[in-house]
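Here's the letter readout for the chains.
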Amino acid sequence: MSRSALVALVIANLFVAFQTFRHEWGFYEVMLIYWAEVVILGFYNVLRMLVVGVAGAQPLGAWAARWVDFGSVLNRLALTGIGVGFFLVKFGGFALAIGLFVLLLPALLSDEANTSVVSLHRALMAAGPGFLTAAGALCLSHGVSFVRNFLAGREYDRVDVLRLAFWPYARMSLVAVTLLLGIGIARLLPGLGRQVAFAGVMVLFKLAADAASHLFEHYQLAAERLSA
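Residues numbered from 1 in each chain as written. Predicted model: local features only at pLDDT ≥ 70, side-chain atom pairs only at ≥ 80, totals over all residues. Heavy atoms only, no water.

S.K.: Could you clarify how one ought to interpret empty space enclosed by the protein in this entry?
M.R.: One water molecule sets the probe size; rolling that probe over the atoms shows where empty space is left. All chains considered together, the criterion is met by one cavity of 30 Å³ or more. Residue assignment for the lining of the largest cavity shows that the elements contributing at least two residues are α1 (3-23), α2 (27-55), α6 (116-152), α8 (167-188) and α9 (196-227). (1 Å grid on protein atoms, 1.4 Å probe; cavity = no way out; pocket = protein on both sides within 12 Å on 5 of 7 lines; lining within 4 Å. Points joined across faces, edges and corners; volume = space filled by probe spheres on them. Helix = DSSP H or I, 4+ residues; strand = E, 2+ residues; numbered from the N terminus.)

In structure tokens form, the structure reads like this:
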């Protein structure tokens, strides 16, 4: 496992924390950034599926390799295309649902239901100046992991398309629990979600959860390589 990918992940999330304090974001603005990361994860996962489908040792896993002939590149591309299409529909719906949830978050964090549209507008305006740079940093960190671990580290030989179809959910599960905990705390303590310090602390908790998920994922793949 490349340490540079972990370093890039840490730097990217610390940059989000820096942007949080610089632009005085609340928890809602931070959630907008991390919703963008969900879309970024989906993009890189499509790239992973394409690489595995074309160049992977067992595109559909060891079991399918005994029954399906992947002899030609066209066969690989056709089967990979089916897997990618299934993932895009499934994950696209998931990302849309997360996006709608995030858009409704101001109403969940406020006792004043009539101000939810105003809160949304203010949050979008507040996140605007640093949104692209923060999302870009997260995109770059996932790109480093894709190149250093997945391509250079040949992780594509140890995963299959079916496994990758469900990978983003497992990858973000601990992060999702952490952010949902933050939403629960902000809901119990009205006004806390607008505090910059609370948003910064949640970014650091998210970083810890993200790093733990990253290490578990890549150590598991490394263990599979050693046992092969």
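S.K.: Whenever I open this one, the packing of aromatic side chains confuses me. Can you help?
M.R.: The relative placement of two aromatic rings is captured by the distance of their centres and the angle of their planes. Applying the stated rule across the entire model yields ten aromatic pairs. Seen from their ring centres, Phe 43 and Tyr 44 are 5.3 Å apart, and the 70 degrees between their planes marks the pair as edge-to-face. What makes Phe 43 partly exposed here is its relative accessible area of 47%. Three or more aromatic residues joined by ring pairs form one cluster here, namely Phe 43, Tyr 44, Phe 146, Phe 150 and Tyr 156. Over the ring of Phe 166 we find Lys 90, and its NZ or CZ is 4.8 Å from the ring centre. (Phe/Tyr/Trp six-rings, centres within 6.5 Å; stacked < 30°, edge-to-face > 60°. Buried < 20%, exposed > 50% of the residue type's maximum accessible area, 1.4 Å probe, protein only. Lys NZ or Arg CZ within 6 Å of the ring centre and 35° of its normal.)

S.K.: Sorry, what's going on with the packing of α2 against helix α4 (residues 73-103) here?
M.R.: Any two packed helices are characterised by the angle at which their axes cross and by the distance between the axes. Direction vectors running N to C along α2 and α4 enclose 175 degrees, while the axes themselves pass 9 Å from each other. Taken together, the axis directions place α2 and α4 in an arrangement best described as roughly antiparallel. By residue class, the composition of the contact of α2 with α4 is 21 nonpolar, six polar and one charged. (Axes fitted to C-alpha atoms, helices over the stretch in contact; angles between N-to-C directions. Parallel < 35°, antiparallel > 145°, perpendicular 65-115°, else oblique. Nonpolar A, V, L, I, M, F, W, Y, C, P; charged D, E, K, R; others polar.)

S.K.: Quick question: what am I supposed to make of the pattern of salt bridges here?
M.R.: Once their charged atoms are close, side chains differing in charge can pair, the charge on each being opposite to the other. Under the definition given, this model contains five salt bridges. Across the pair Arg 171 and Glu 217 runs a salt bridge, and its minimum N-O distance is 3.2 Å. You can see Arg 171 sitting in helix α8 and its partner Glu 217 sitting in helix α9, a full 46 residues away along the chain. Here Arg 171 and Glu 217 have matching classes, each one buried. A salt bridge links Asp 210 to Lys 206, with the shortest nitrogen-to-oxygen separation between them at 2.8 Å. Here Asp 210 pairs with Lys 206, and both are found in helix α9, just four residues apart, close to one helical turn. (Salt bridge = Lys/Arg side-chain N within 4 Å of Asp/Glu carboxyl O.)

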